[in-house]
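Here's the letter readout for the chains.
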Amino acid sequence: MADAVQSWSIDTILKKRLPYNGSVDDDDRNWDDKNDWVSTTPAKKWPSDPAESLSSARHEFGEHGGVNMSIEASATFTVMEPDTMRKMFAGELGPDRDFYIYSRHFNPTVLNLSRQMAALEGTEAAYCTASGMSAISTVLLQLCPSGSHIVASRCLYGGTHALLSRFLPRSAGIRTTFVDVNDMEAVRAAVRVGETRVIYAETMSNPTLTVADIPGLSAVAREKGLMLVVDNTFTPMVVSPARLGADVVIHSVSKFISGGADIIAGAICGPASLVNSMMDPQNGALMLLGPTMNAKVAFELAERLPHLSLRMKEHCTRAMTYATRMKKHGVKVIYPGLEDHSHHSLLRSIANPGYGFGGMLCVDMGTEERANRFLHHLQNTAQFGLIAVSLGYYETLMSCSGSSTSSELSEHDKALAGISPGLIRMSVGYSGSVEQRWAQFERALAACAKDNAAATAISSFSYGVNN
């Protein structure tokens, strides 16, 4: 195992990427399982349904035979003989044989959650991190050397956009060109020969809910010799990017996967060669930057994964119900499950059967003033949901994106991304009954209409007095 933590180059990782169809054939696997720290079941053995994949993953029992795995809360680990330590640091012994050094490197509880995340996304390996942003930043730093280039979607989470447009250029000389990732010619045209290393997109964009053509982007990535990195935070279970050709799938686990709005965590799912390179003691972004997940957090998350499919189905079912009713009410609603959404057919073609179209929807009130008034009534008058950022909670969470989670974008970039000043992003929860929540939504609408009528009357009166 001497080369277990070798520093894989980007070219080596590209050669070891999964084929376009997401399967792994013996002829395509140029790496050796016995030389990988984090090898898992090859992707071709994962069932196509994410819930079935999870149930097929290795189950870790407790130390004394408990049905739940034990929490390994140690920061460091003992060895029985001094020479064992030397062998571990030389890469001759590792976690694949239950030898652990230090929890910033590998921890048994975190490693088990990583195996489950790999199963969920159908990838060869995964590594769980302290936050979604740490997952994004470490992957890009590992794949993109100083002075390289990224082609990214022009509509991304505000923090990701700031990372790509400001932080990486300043700190690492890594520059990004933002394009419409559903325009394949624009993507191809943005690629700089010898400089571009990554195409980056969100499966469903935050907050506008545009859907990325992952098979199309994968084809361009292979044509140009690039890595396709996809953030799947909005659509776990609903879409499986790696099965569609993505090389790396990233999650902010804090959101739908956690489901409790009480944990900050991230995950990187992809080839074992990439994860191994990120754990290299000399050159690994994960190893050296240290966004380590706490073992107790990993245990909590592992307990929640088995019912993720049930939660996602309910999120999606309610989002579809509300979006349909909102449209009938004349509300300007954006939801990919509606047939008039520009990417409805695309999402239908790439989504996993039986999971719906996502648990996120948007209501466009036109102006920030109207959006804030509506949010006020939704929370404080009708108790429909909570004014808060984040998503994936069992209560509906709502925010005006332009002045909150997309505030890092300039007004010009917001316009290019299609983010209206009055765009309200809703993460649809599943607490209460559908009819109860819908009645609350209608109550908030009525309160807004009453406010608008009063404002119009006051305006008319003022105009008459002044004239």
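Residues numbered from 1 in each chain as written. Predicted model: local features only at pLDDT ≥ 70, side-chain atom pairs only at ≥ 80, totals over all residues. Heavy atoms only, no water.

Enquirer: Account for the packing of aromatic side chains, naming residues and giving values.
Expert: Per the counting criterion, the structure on display carries eight aromatic pairs. When the ring of phenylalanine 77 is compared with that of tyrosine 100, the centres are 5.6 Å apart and the planes differ by 40°; the resulting orientation is tilted. Linking phenylalanine 77 in the loop between helix H2 (50-56) and helix H3 (82-89) with tyrosine 100 in the loop between H3 and helix H4 (108-121), this pair joins segments that are 23 residues apart in sequence. Of the residues examined, tyrosine 100 reaches a relative accessible area of 10% and is grouped as buried. Summarising the aromatic geometry, the rings of tyrosine 322 and tryptophan 438 are spaced 6.4 Å apart at their centres and angled 15° between planes, so their arrangement reads as stacked. Taken together, the positions of tyrosine 322 in helix H12 (residues 308-328) and tryptophan 438 in helix H16 (residues 434-466) put the pair 116 residues apart, joining distant regions of the chain. Overall, the relative accessible area of 1% leaves tyrosine 322 in the buried class. Within the aromatic cluster, the residues linked to one another by ring pairs are Tyr322, Phe374, Phe384, Trp438 and Phe441. (Phe/Tyr/Trp six-rings, centres within 6.5 Å; stacked < 30°, edge-to-face > 60°. Helix = DSSP H or I, 4+ residues; strand = E, 2+ residues; numbered from the N terminus. Buried < 20%, exposed > 50% of the residue type's maximum accessible area, 1.4 Å probe, protein only.)

Enquirer: Explain the pairing of strand S6 (residues 248-252) residue by residue, including any values.
Expert: Of all five residues making up S6, five are buried, and the element is well covered by its neighbours. Taking every second residue as pointing to the same face, both faces of S6 are buried, with Val248, Ile250 and Ser252 on one and Val249 and His251 on the other.

Enquirer: Can you tell me about the packing of helix H5 (residues 132-143) against helix H6 (residues 158-172), naming the residues and giving the values?
Expert: Interhelical geometry of H5 versus H6 gives an angle of 40° and a closest axis separation of 12 Å. The orientation of H5 with respect to H6, classified from their angle, is oblique. As for how H5 packs across H6, the hand of that crossing is right-handed. When H5 is examined against H6, the residues Met133, Ile136, Ser137, Leu140 and Leu141 are found in contact with a partner set consisting of Gly159, Thr160, Leu163, Leu164, Leu168 and Ala172. Class assignment for the residues of the contact of H5 with H6 results in eight nonpolar, three polar and no charged. (Axes fitted to C-alpha atoms, helices over the stretch in contact; angles between N-to-C directions. Parallel < 35°, antiparallel > 145°, perpendicular 65-115°, else oblique. Left-handed = near helix turned anticlockwise from the far one by under 90°. Contact = heavy atoms within 4.5 Å. Nonpolar A, V, L, I, M, F, W, Y, C, P; charged D, E, K, R; others polar.)

Enquirer: Just give me the short version of the pairing of strand S2 (residues 149-153), but keep the residues and values in it.
Expert: Counting buried residues along S2, five of its five residues qualify, which places the element largely inside the surrounding structure. Judged from the five bridges that link them, S2 and strand S3 (residues 175-179) form a sheet pairing that is parallel. Following the sheet pairing, histidine 149 is matched in S3 by arginine 175. The pairing of S2 with strand S4 (residues 196-202) spans four bridges and is parallel. Considered in S4, the bridge of isoleucine 150 is made with valine 198. (Pairing = 2+ DSSP bridges.)

Enquirer: Can you explain the nonpolar core? Please cite residues and give values.
Expert: One finds Met117, Leu217, Met326, Leu361, Phe374, Met426 and Phe441 to be the most contacted residues of the largest nonpolar core, which totals 93 residues. Ranked by the residues each element gives to this core, the list is headed by H12, at seven residues. Apart from the residues lying within four places of it in its own chain, the contact partners of phenylalanine 374 are Val363, Met365, Ile424, Phe441, Ala444, Leu445 and Cys448. Within the second largest apolar cluster, 34 residues are counted, among which are Ala135, Tyr200, Ile268 and Leu286. (Core = buried A, V, L, I, M, F, W, Y, C linked by side-chain atoms within 4.5 Å.)

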